[in-house]
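# Coordinate analysis (summary)
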Amino acid sequence: RTMAVATVNLRALTSWVGIARLFAVVLSCLTFSLVASTGHFGGPYGTWCMFTWCFCFTVTLLVLLLELLELYPLLPLSWDDFTSAFSMLAALMVFTSSVVFPATFISSPCSSSQCARQAVATTASCLCFLTYAVEVSLTRAKPGDISSFLSTVPGLLKVFEAYVACLIFSLLDEYNRESGLMWCVAVYSICFIFTLLIIVFTIGRCLTYVPCPLEKMLVGYNFLAMLMYLTATVLWPLYSFQGRSRPDPCGTNCWWNKHLGVTFLTIFNLIAYLVDLVYSTRMVFFRAP
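Model, not experiment: these values are computed from the prediction.

What counts, and at which threshold
- Residues numbered from 1 in each chain as written.
- Predicted model: local features only at pLDDT ≥ 70, side-chain atom pairs only at ≥ 80, totals over all residues.
- Heavy atoms only, no water.
- Disulfide = S-S within 2.5 Å.
- Buried < 20%, exposed > 50% of the residue type's maximum accessible area, 1.4 Å probe, protein only.
- 1 Å grid on protein atoms, 1.4 Å probe; cavity = no way out; pocket = protein on both sides within 12 Å on 5 of 7 lines; lining within 4 Å.
- Points joined across faces, edges and corners; volume = space filled by probe spheres on them.
- Helix = DSSP H or I, 4+ residues; strand = E, 2+ residues; numbered from the N terminus.
- Domains from an automatic or database assignment.
- Salt bridge = Lys/Arg side-chain N within 4 Å of Asp/Glu carboxyl O.
- Patch = residues over 30% accessible without salt bridge, like charges linked within 9 Å, V, L, I, M, F, W, Y side chains within 5 Å.
- Areas by Shrake-Rupley, 256 points an atom, 1.4 Å probe, with all protein chains shown as cover.
- Contact = heavy atoms within 4.5 Å.
- Axes fitted to C-alpha atoms, helices over the stretch in contact; angles between N-to-C directions.
- Parallel < 35°, antiparallel > 145°, perpendicular 65-115°, else oblique.
- Left-handed = near helix turned anticlockwise from the far one by under 90°.
- Expected span 1.5 Å × (residues − 1).
- Phe/Tyr/Trp six-rings, centres within 6.5 Å; stacked < 30°, edge-to-face > 60°.

Applying the stated criterion across every chain yields a total of 0 disulfides. In this structure Cys184 is not part of a disulfide, and its nearest cysteine sulfur, from Cys191, lies 11 Å away. Judged by relative accessible area, Cys184 falls into the buried class, the value being 0%.

The following block contains the structure:
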């Protein structure tokens, strides 16, 4: 009987991508440790920030261990697609937390030791976002390379579009009173579901079973999604603010602020789908020989 010998791939730690992941592990651990030491992270925003840092720390550490021990080929998924999608998602999540946490929990003037720890945690979170952004740039596919779809610009944009849709869902409030707003919610939901399915099927290596030209199907989907978001960009602010002024006072959970946030996020996703359509069209119809 032969015994399996575990191999250690030190390049998983010494390459530029590995170094970026090591920094992400250290910085995310430092961030949630400092915030936890203050004991002041209650409420939905604080819970989200803590989940973000802990989630990114855990998954990044798991990725490092799997690559160090070369165990990732045993997993039934496309490893390059998974790591590319996760690094993009982690960058977006940590960026959001780096903005939300200080805006919610740090007050001025900042003179106490608790506030100092919160400020250091915010700085560490910002640096953690930069490390994930560096990882995204290092693992992004070169022009003409489509071996890993989620590492291409359209693939990374798919992750961005799904994440922005999740942010929109978190801000939705009072949309049942108008048919135009209900159409916008339908647009967000339909596009999110299809985009998420594309990401999951890509990671799970299931797109090869689709009985139609996949690249052209994605171009068509991006075109339809862009048109749907274009209608939502017009209808959401029209039905949300027409004949309704901003309440005074308007706190954190004020409907006006939430609807304004949805308006800007809708515009962001419209731009993302437009750029996605342009890149996808170039990849499919204007390939270099």
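Turning to the layout of surface pockets, a few remarks are in order. A water-sized probe rolled over the atoms picks out the places where empty space is left. If you add up the space inside the largest pocket, you get close to 1,300 Å³. Residue lining of the largest pocket: 39 residues in total, with Trp48, Thr96, Tyr163, Leu167 and Ser170 positioned closest to the centre. Listing elements by their share of the lining of the largest pocket, those giving two or more residues are helix H3 (43-68), helix H4 (79-105), helix H6 (153-171), helix H7 (179-203) and helix H9 (255-285). A total of 11 residues in the lining of the largest pocket trace back to one element, the largest contributor, which is H4. Residues lining the lining of the largest pocket come from more than one domain, with at least three contributed by each of domain 1 (1-146) and domain 2 (152-288).

Our next topic: the pattern of salt bridges. For side chains of opposite charge, pairing can occur when their charged atoms come near one another. Summed over all chains, the structure comprises 3 salt bridges. In this structure, Arg21 and Glu135 form a salt bridge, with 2.9 Å as the shortest nitrogen-oxygen distance. Of the two residues, Arg21 is situated in helix H2 (residues 16-38) and Glu135 in helix H5 (residues 113-139); the sequence distance between them amounts to 114 residues. In this pair, the class of Arg21 matches that of Glu135, namely buried. Put simply, Lys158 and Asp276 hold a salt bridge, and the shortest N to O gap is 2.4 Å. Within this pair, whereas Lys158 is found in helix H6, its partner Asp276 is found in helix H9, the two being separated by 118 residues in sequence.

What follows concerns unusual backbone geometry. Phi is positive for Glu70, close to 55°, though the residue is something other than glycine. Mapped onto the secondary structure, Glu70 falls in the loop between H3 and H4. For Glu70, a relative accessible area of 39% corresponds to the partly exposed category. Positive phi, close to 60°, is recorded for Arg205, a residue that is not glycine. Within the secondary structure layout, Arg205 lies in the loop between H7 and helix H8 (214-241).

On the surface, Ile190, Ile193, Phe194, Leu196, Leu197, Val200 and Phe201 cluster together to form a nonpolar patch covering roughly 590 Å² of accessible area. Tracing the backbone through its elements, the reader meets Ile193 in helix H7. Taking the relative accessible area as the measure of exposure, Ile193 reaches 46% and is therefore partly exposed.

Checked against the element boundaries, Cys49 lands in helix H3. Discounting chain neighbours no more than four positions away, the residues touching Cys49 are Ser97, Val100 and Phe101.

Attention shifts here to the packing of H3 against H4. Axis separation between H3 and H4 bottoms out at 9 Å; the angle between their running directions is 150°. Viewed along their axes, H3 and H4 adopt a mutual orientation that is roughly antiparallel. Once H3 is placed against H4, the crossing between them reads as left-handed.

Our focus in this paragraph is H7. The first and last C-alpha atoms of H7 sit 36 Å apart over 25 residues, in line with the 36 Å expected at 1.5 Å per residue. Just downstream of H7, Arg205 is the residue with a positive phi angle, here 60°.

This structure, assessed with the given rule, holds 17 aromatic pairs. Both rings, one in Trp53 and one in Phe101, keep their centres 5.6 Å apart while their planes meet at 75°; by these two values the pair is edge-to-face. Placement of the pair is Trp53 in helix H3 and Phe101 in helix H4, with a sequence separation of 48 residues. Using a relative accessible area of 1% as the deciding quantity, one classes Phe101 as buried. With 5.4 Å between their ring centres and 55° between their planes, Phe241 and Trp256 make a pair best called tilted. Note that Phe241 is positioned in helix H8 and Trp256 in helix H9, a separation of 15 residues in sequence. Here the aromatic residues Tyr188, Phe194, Tyr221, Tyr229, Trp236 and Tyr273 are joined through ring pairs into a cluster of three or more.

In short, geometric facts, not functional conclusions.
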